[in-house]
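Spelled out, the chains give:
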Amino acid sequence: MRDVESEGSQSADVALRDAINQGLVAGPRMLVSTRGIAAVGQYEPFGVSPDLVGFPTGAQMISGAEEARRAVREQIGNGANWIKVYADWSEPTLTVEEMKVIVEEAHKHKRKVAAHATTPEGIHNALTAGVDSIEHGHRIDRANLELMKAQGVFLVPTVGVIDARAADLPNDEIAHQRFAAFMAHIDESLKTAQMLGVKIAAGFDASGVKNQSKNADELVALVKHGLTPIEAIRAATTSAAELLGWEDRVGAIEPERFADLIAVEGDPLADITVLKGVKFVMKGGAVVKDGH
């Protein structure tokens, strides 16, 4: 599991990763990003009274290249396996120069960089800086997809969380029309990404308590929005393993890799939703869950 930012929990993801690795608690193998990096004033929580100096934030806020470099060094020093940046919010935020320093410092320490990016300019800035993956990319255009293909950058489309938000739309015709247009653009973008050969990995933006542990919803959503079941499964296995840099350890059932297996009732190639009901789990050859 790649956890791209702890949302204000500081380095608690490092502690959880290490506790799992030490056998103190049950859980998946984790690659963690600690705090994430965002531009000052451009990430949650918004609207905090300015007299509350030092109020906890959802990411490490920086302004300028040297603050960016320091943030990367601090996060790696605190145990980060990945570095997460916020290239935009409602508009571009971090500059190309800031992100280039982040990528340079991360790659020097053999860490990859994931970029939250949804706007065309924010996506382009992140790609120009040399990031390894674009998270979300919901308003991506063809030019950026072509650049991703040329640079071997992964797209993690997180369409499951968008589908989940559909249930929360107001009872308003205009809102539903806008949402339908938004989803139509996402569908067309995924189609274009596949046509161009952009690498796609499955990642689920749970966004809150109610969606935790529902990662299979992302595979269901990927199929709903144009991938075949086997393409969605590969996005969560072989492709995701390549994104993690762990293709020699996970992502396929082959000699010399971890014996990580699941079993479901039914054929996910015929009905992808059966992956929402995992009955059996094996991690590293040890049975974690059996039939319940």
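Every value quoted in this text rests on a predicted model; they were computed, and no experiment measured them.

Peer 1: Quick question: what am I supposed to make of the packing of aromatic side chains here?
Peer 2: A full pass over the atoms with the stated rule returns four aromatic pairs. One aromatic cluster is present, built from ring pairs that chain together Tyr43, Phe46, Tyr86 and Trp89. Cation over ring: Arg2 sits above Trp82, and NZ or CZ is 4.8 Å from the ring centre. The ring of Phe258 carries the charged tip of Arg29 above its face, separated from the ring centre by 3.6 Å.

Peer 1: Would you take a moment to explain helix α8 (residues 216-224) for this structure?
Peer 2: The periodicity of an α-helix, 3.6 residues per turn, causes residues three or four places apart in sequence to face the same way. Along α8, the residues classified as buried are Ala216, Glu218, Leu219, Ala221 and Leu222. Residues of α8 that are buried make contact with α6 (159-165) and α9 (229-236). In the stretch just after α8, Gly226 is the one whose phi turns positive, near 125 degrees.

Peer 1: Explain the nonpolar core to me, please; I cannot follow it from the model alone.
Peer 2: Nonpolar side chains tend to gather and get buried jointly when the protein is soluble and globular. In this structure, Ile83, Val85, Ile102, Ile134 and Met148 are the most contacted members of the largest nonpolar core, which totals 52 residues. Here the element with the most residues in this core is helix α7 (residues 173-196); it accounts for seven residues. Excluding anything up to four places from it in sequence, Ile83 contacts Ile37, Val72, Gln75, Ile76, Ile102, Ala106, Lys112, Val113 and Ala114. Val4, Val156, Leu243 and Trp246 belong to the second largest nonpolar core, which has twelve residues in total.

Peer 1: What am I meant to see in unusual backbone geometry here?
Peer 2: If a residue is not glycine, its phi is most likely negative; likewise, a peptide bond is most likely trans. Residue Pro45 follows Glu44 across a cis peptide bond; omega there is -5 degrees. For Pro45, the position within the fold is in the loop between β3 (37-39) and β4 (60-62). Notably, Glu5 is not glycine yet its phi reads approximately 110 degrees, a positive angle. Positionally, Glu5 belongs in the loop between β1 (2-3) and α1 (12-21). By relative accessible area, which is 5% here, Glu5 ends up buried.

Peer 1: What's the story with the pattern of salt bridges in this structure? I'm lost.
Peer 2: Between side chains of opposite charge, a pair can form as their charged atoms come close. Within this structure, the stated rule accounts for 16 salt bridges. Across the pair Arg142 and Glu146 runs a salt bridge, and its minimum N-O distance is 2.9 Å. You can see Arg142 and its partner Glu146 sitting in helix α5 (residues 142-151), four residues apart, about one turn around the helix. The closest approach of N and O atoms between Asp163 and Lys224, which form a salt bridge, is 3.7 Å. One end of the pair, Asp163, is in helix α6; the other, Lys224, is in helix α8, and 61 residues separate them in sequence. Beyond isolated ion pairs, a larger network of salt bridges with shared partners links Glu66, Arg69, Arg73, Glu104, Glu105 and Lys108.

Definitions and cut-offs
Residues numbered from 1 in each chain as written. Predicted model: local features only at pLDDT ≥ 70, side-chain atom pairs only at ≥ 80, totals over all residues. Heavy atoms only, no water. Phe/Tyr/Trp six-rings, centres within 6.5 Å; stacked < 30°, edge-to-face > 60°. Lys NZ or Arg CZ within 6 Å of the ring centre and 35° of its normal. Buried < 20%, exposed > 50% of the residue type's maximum accessible area, 1.4 Å probe, protein only. Helix = DSSP H or I, 4+ residues; strand = E, 2+ residues; numbered from the N terminus. Contact = heavy atoms within 4.5 Å. Core = buried A, V, L, I, M, F, W, Y, C linked by side-chain atoms within 4.5 Å. Salt bridge = Lys/Arg side-chain N within 4 Å of Asp/Glu carboxyl O.

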